[in-house]
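Here's the letter readout for the chains.
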Amino acid sequence: MEGRITKQISNQYKVTVNGVDYICSARGKFRNLGLSPLVGDKVQIDEQTLTIEEILPRVNELERPIVANVDMALIVTSVKKPDLSLSLLDKELSVILANNIEPVICLTKLDLLKKEELKNKITEYKDYLSEQKDIARKSFKCISIEYYNDTGRIKYMEFTEK
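Residues numbered from 1 in each chain as written. Predicted model: local features only at pLDDT ≥ 70, side-chain atom pairs only at ≥ 80, totals over all residues. Heavy atoms only, no water.

*Asks:* Sorry, what's going on with the nonpolar core here?
*Replies:* Most often, soluble globular proteins have nonpolar side chains that are buried together. Within the largest apolar cluster, 19 residues are counted, with the highest numbers of intra-cluster contacts made by Ile75, Leu86, Leu89, Ile101, Ile105 and Leu107. Counting residues per element, this core draws most heavily on helix α2 (residues 86–98), at 4 residues. Here Ile75 is in contact with Leu89, Glu92, Leu93, Ile96, Pro103, Val104, Ile105 and Cys106, once residues within four sequence places are set aside. Among the nonpolar cores identified, the runner-up in size contains 11 residues, and Val17, Cys24, Phe30 and Ile45 belong to it. (Core = buried A, V, L, I, M, F, W, Y, C linked by side-chain atoms within 4.5 Å. Buried < 20%, exposed > 50% of the residue type's maximum accessible area, 1.4 Å probe, protein only. Helix = DSSP H or I, 4+ residues; strand = E, 2+ residues; numbered from the N terminus. Contact = heavy atoms within 4.5 Å.)

*Asks:* Is there a simple way to think about α2 in this case?
*Replies:* Structural remark: α-helix, 3.6 residues per turn; residues separated by three or four positions point the same way. Along its 13 residues, α2 runs 18 Å from first to last C-alpha, staying within 8% of the 18 Å computed at 1.5 Å per residue. Residues of α2 that are buried include every one of Leu86, Leu89, Leu93, Ile96 and Leu97, and no others. Buried residues of α2, seen end-on, are gathered within an arc of 90° and therefore sit on one face of the element. Residues of α2 that are exposed and point more than 90 degrees away from the buried face comprise Lys91 and Ala98. Just downstream of α2, Asn100 is the residue with a positive phi angle, here 55°. (Expected span 1.5 Å × (residues − 1). Arc of directions from axis to C-beta.)

So this is what it looks like as structure tokens:
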């Protein structure tokens, strides 16, 4: 049966197969091959012996945290207190894009900015992204913002532009 590892504690792996969780152990052959099952791995399990029989090919793998087959990464960063750090954002995007993961950027604390400051931050951010050649070649989602009224309160945030 094919499933996905959703949790690991010591040498026990929680594998979810069609909504059903199984607590499995890895076979010794993985240690001999220098492989270690990771959270996110797609695996073949033996339902009777509750062992992981095979680790299917990985799409990607991250070292911190140690996970595999990541589809999307949510980067949550504030625009104020602390101020938006474009260099930190750039580092995070570099790691994510280098591993073929789709980044989604969520800006927080937007309510601490005045309406004009908010427009300037978004313009600054979009200009910054358009200057980054490596990032511009990849697809990612940006944030659009709407207001309740002229007070600048956020109505909702929507991820657009792919």
